[in-house]
Amino acid sequence: MEAYIGEYASGKSEVAVNRAINLASNGRRVNLVDLDIVEPCYTLRPIKKKLIAMGINVTAWETREIVGLGETGSILHPANRWALRLPGDVILDIGYGVEGARTLNLVEGAATDPDLKIFAVVNTGRPLTGTVTEIVDYVRSLGKVDGLINNSHLGSETDVDFVQEGARIVDEAARQLGIPVVATTALEELARVIGDRDAAGHPVWPIKRYMPQTLW
């Protein structure tokens, strides 16, 4: 069981979606849980059917269930309260920031389940997480965090050098926090250039972009 949290535009939802797809492609039973109820401009609703077709159980609102504009979906889906009891792998996509991290308090058993790992997704291209000091301060504000994921990017302008510099920055922040770096994520074409390990020696997870399709 994994929960993905992070600052606005960190890419936490993209990482969560790709993680779910990767696990499902390896024959695992996967549940992707939409817990992003903090100003959810991007939600899983528009790609829910696509993800289901990939063999993923998605617990999220459907557009037809929501009356009004997209922000109406900031109501917690009832099934998500019991998400940790779902059979198989459980991937939680949590809302951004400190308020988003608190959403975990709404999930039954999240505070005590020893199998739940909380990963903070860090993009060094964002103002609040651009330096080692900023990352350390930010992650400490989130509460319990079990590991970091380097998702440093500049959108379509991202290059290998930026990802690798992010890897070094996130690695040092993790050392100061006393937690591991789980992985560096990069678009598939960049990941092929970087290889299996980033500049700091951590695993590289190739990802595709799905979230641009999800603006409500």
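Everything quoted here is computed from the prediction, not taken from an experiment.

A. Broad picture of the overall build of the chain. Of the regular secondary structure elements, the chain holds 6 helices and 8 strands. In sequence order, the secondary structure elements of the chain are arranged as β-α-β-α-β-β-α-β-α-β-α-β-α-β. When burial is assessed residue by residue, the chain has 52% of its 216 residues classed as buried. Across the chain, every contact between residues at least 6 apart in sequence was considered, and the portion connecting residues at least 24 apart equals 70%. When the accessible surface of the chain is totalled, it reaches about 10300 Å², and 51% of it is carbon and sulfur.

B. Fine view of the pairing of strand S6 (residues 147–150). Burial along S6 is two-sided: the face carrying Gly147 and Ile149 and the face carrying Leu148 and Asn150 are both buried. Strand direction decides the pairing type here: strand S5 (residues 117–122) and S6, joined by 4 bridges, are parallel. Of the residues in S6, the one forming a bridge with valine 122 is asparagine 150. Each parallel crossover has a hand, and the one from S6 via helix H5 (residues 160–177) to strand S7 (residues 181–187) is right-handed.

C. Examining the packing of aromatic side chains more closely. Enumeration over the complete set of coordinates arrives at 1 aromatic pair. Ring centres of tyrosine 4 and phenylalanine 119 lie 5.8 Å apart, and the angle between their planes is 65°; on these two criteria the pair is classed as edge-to-face. Of this pair, tyrosine 4 sits in strand S1 (residues 2–6) while phenylalanine 119 sits in strand S5, and the two are 115 residues apart along the sequence. One exposure class covers both tyrosine 4 and phenylalanine 119, and it is buried.

D. Layout of the pairing of S1. Taken across its 5 residues, S1 has 5 buried, putting it largely inside the fold. Residues Glu2, Tyr4 and Gly6 line one face of S1 and the alternating positions Ala3 and Ile5 line the opposite face, and both faces are buried. For S1 and strand S4 (residues 89–94), the ladder comprises 3 bridges, and the chain directions are parallel. Bridging across to S4, tyrosine 4 finds its partner in aspartate 93. Where S1 lies against S5, 5 bridges are found, and the strand directions are parallel. Within the sheet, the bridge partner assigned to tyrosine 4 lies in S5 and is phenylalanine 119.

E. Structural detail: the packing of helix H4 (residues 132–141) against H5. One can describe the packing of H4 onto H5 by two numbers: an axis separation of 9 Å at closest approach and a directional angle of 50°. Considered as vectors, H4 and H5 are oriented oblique to each other. Here the hand of the crossing between H4 and H5 comes out right-handed. Contact residues: H4 offers Val132, Ile135, Val136, Val139 and Arg140, while H5 offers Ile169, Val170, Glu172, Ala173, Gln176 and Leu177. In terms of residue class, the contact of H4 with H5 is built from 8 nonpolar, 1 polar and 2 charged.

The rules behind these values
Residues numbered from 1 in each chain as written. Predicted model: local features only at pLDDT ≥ 70, side-chain atom pairs only at ≥ 80, totals over all residues. Heavy atoms only, no water. Helix = DSSP H or I, 4+ residues; strand = E, 2+ residues; numbered from the N terminus. Buried < 20%, exposed > 50% of the residue type's maximum accessible area, 1.4 Å probe, protein only. Contact = heavy atoms within 4.5 Å. Areas by Shrake-Rupley, 256 points an atom, 1.4 Å probe, with all protein chains shown as cover. Pairing = 2+ DSSP bridges. Right-handed = clockwise from strand over helix to strand, strands pointing away. Phe/Tyr/Trp six-rings, centres within 6.5 Å; stacked < 30°, edge-to-face > 60°. Axes fitted to C-alpha atoms, helices over the stretch in contact; angles between N-to-C directions. Parallel < 35°, antiparallel > 145°, perpendicular 65-115°, else oblique. Left-handed = near helix turned anticlockwise from the far one by under 90°. Nonpolar A, V, L, I, M, F, W, Y, C, P; charged D, E, K, R; others polar.

Geometric descriptors of this kind do not, in isolation, establish any biological role.
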